[in-house]
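Residue-level listing of the chains:
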Amino acid sequence: MLTVRTLHAVSQSETKSMDTTALRENFHFDSVFAPGEARLLYTHYDRMIVGGVMPDGNAITLDEVKECGTASILDRREIGILNLGGTAAVTTPTENHELGRGDVLYLGMGSGPVTFGTGGKFYLVSTPAHKALPAKLIRLSDAGSVKMGAPETANDRTIYQFIHPDVMESCQLVMGYTMFHGGSVWNTMPAHVHDRRMEAYLYFDLAEDNRVFHFMGEPDETRHIVMQNEEAVISPPWSIHCGCGTGSYTFCWAMGGDNVDYKDVDMVAMADLR
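Please read all numbers here as calculations on a predicted model, not as lab measurements.

## Digging into the sheet that holds strand β23 (residues 250–257)
Spatially, the seven strands line up as an open sheet ordered β2-β21-β18-β23-β15-β14-β13, and their pairing is antiparallel. In this open sheet, the two edge strands, each paired with only one partner strand, are β2 (28–29) and β13 (144–148). Strand direction decides the pairing type here: strand β18 (residues 197–204) and β23, joined by eight bridges, are antiparallel. What sits directly across from Tyr203, in β23, is Phe251.

## Here we look at the environment of Glu221
Assignment of secondary structure puts Glu221 in strand β20 (residues 221–227). Placed 124 residues apart in sequence, Glu221 and His97 show a C-alpha to C-alpha distance of 44 Å. Setting aside its immediate chain neighbours within four residues, Glu221 contacts Lys16, Met216 and Arg274.

## Notes on the sheet that holds strand β4 (residues 49–54)
Within a sheet, adjacent strands bond to each other through the backbone by hydrogen bonds, running parallel or antiparallel. Taken in spatial order, the seven strands of this open sheet run β1-β3-β4-β11-β6-β9-β12, and their pairing is mixed. Among the strands making up the open sheet, the edge pair consists of β1 (2–7) and β12 (136–138). Averaged over neighbouring strand pairs, the angle between their axes works out to 15° when direction is ignored. Bridge analysis of strand β6 (residues 77–83) against strand β11 (residues 122–128) gives seven bridges, and the strand direction is antiparallel. Considered in β11, the bridge of Gly80 is made with Val125.

## Here's the deal with empty space enclosed by the protein
Considering all chains together, one arrives at one cavity of 30 Å³ or more under this definition. Empty space within the largest cavity amounts to approximately 30 Å³. As for the largest cavity, its lining consists of Gln12, Thr15, Lys16, Gly217, Glu218, Glu221, Arg223 and Trp238. For the lining of the largest cavity, the secondary structure elements donating two or more residues are α1 (12–16), β19 (212–218) and β20. Looking at the lining of the largest cavity residue by residue, the class counts come to one nonpolar, three polar and four charged.

## Quick look at the nonpolar core
Core analysis: the largest hydrophobic core is formed by 55 residues, its most contacted members being Phe27, Val50, Leu82 and Tyr123. Here the element with the most residues in this core is β18; it accounts for six residues. When sequence neighbours within four positions are dropped, the list of residues in contact with Leu82 reads Gly102, Asp103, Val104, Lys121, Phe122, Tyr123, Met175, Tyr177, Phe204 and Cys252. Ranked by size, the runner-up nonpolar core spans 22 residues in total, among them Leu40, Leu74, Leu99 and Leu107.

Calculation rules
- Residues numbered from 1 in each chain as written.
- Predicted model: local features only at pLDDT ≥ 70, side-chain atom pairs only at ≥ 80, totals over all residues.
- Heavy atoms only, no water.
- Pairing = 2+ DSSP bridges.
- Helix = DSSP H or I, 4+ residues; strand = E, 2+ residues; numbered from the N terminus.
- Contact = heavy atoms within 4.5 Å.
- Axes fitted to C-alpha atoms, helices over the stretch in contact; angles between N-to-C directions.
- 1 Å grid on protein atoms, 1.4 Å probe; cavity = no way out; pocket = protein on both sides within 12 Å on 5 of 7 lines; lining within 4 Å.
- Points joined across faces, edges and corners; volume = space filled by probe spheres on them.
- Nonpolar A, V, L, I, M, F, W, Y, C, P; charged D, E, K, R; others polar.
- Core = buried A, V, L, I, M, F, W, Y, C linked by side-chain atoms within 4.5 Å.
- Buried < 20%, exposed > 50% of the residue type's maximum accessible area, 1.4 Å probe, protein only.

Okay, structure coming up:
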């Protein structure tokens, strides 16, 4: 079964007046995975799609998505697929890929319908594309890595880059995940914004009774959304995006927009946060 929800873009001024319910309705994706279903969130932020596919006994094929306006979802799009389940196959009409847990698969424009095999739990991020590029399966050992932060600031972490200019070519999709070390719980702090691209986060490997406080909004008008395990959140280009957990976790970040340069950010001084 395929379910698609459309998320329209909202401005800074609209966001300032939102209560908790409105913030969650406009930026939060609380039910990414459901057994036997494909659930997608079609956003009007750089036309990014995020979603989850969780086969339950039978494979699930993702083909026509009405919101894309094409016969098949990848006719004018590229996609990144992160497996959070057991080893499982992802197939197209011409290729078969075996994804272990933590592996990321890139499929380019024109790849055709995508079939997700049983045993996997697949997180998807898709953005519009302008040319066809070859499929690539990236395992953790093949990913780029950048170590950042420090234990004394509770943000000691390694950023793993999968779909990234230093690892492979894509049209506009950039995707990876960040893992924390030694009790660190702060992500993407000090905070920044990048007006040339939006971003989506999926928080995972979070214990059932723990939460992540995801911070968003303009630097001087911050808001927060409380996140559970395997929930996603959308960050507009004008918003900060950082968070702090009550326990250990990992998060998948993905970006689409005008610039794939990971360092193309505008840093926010701690003194400017409100």
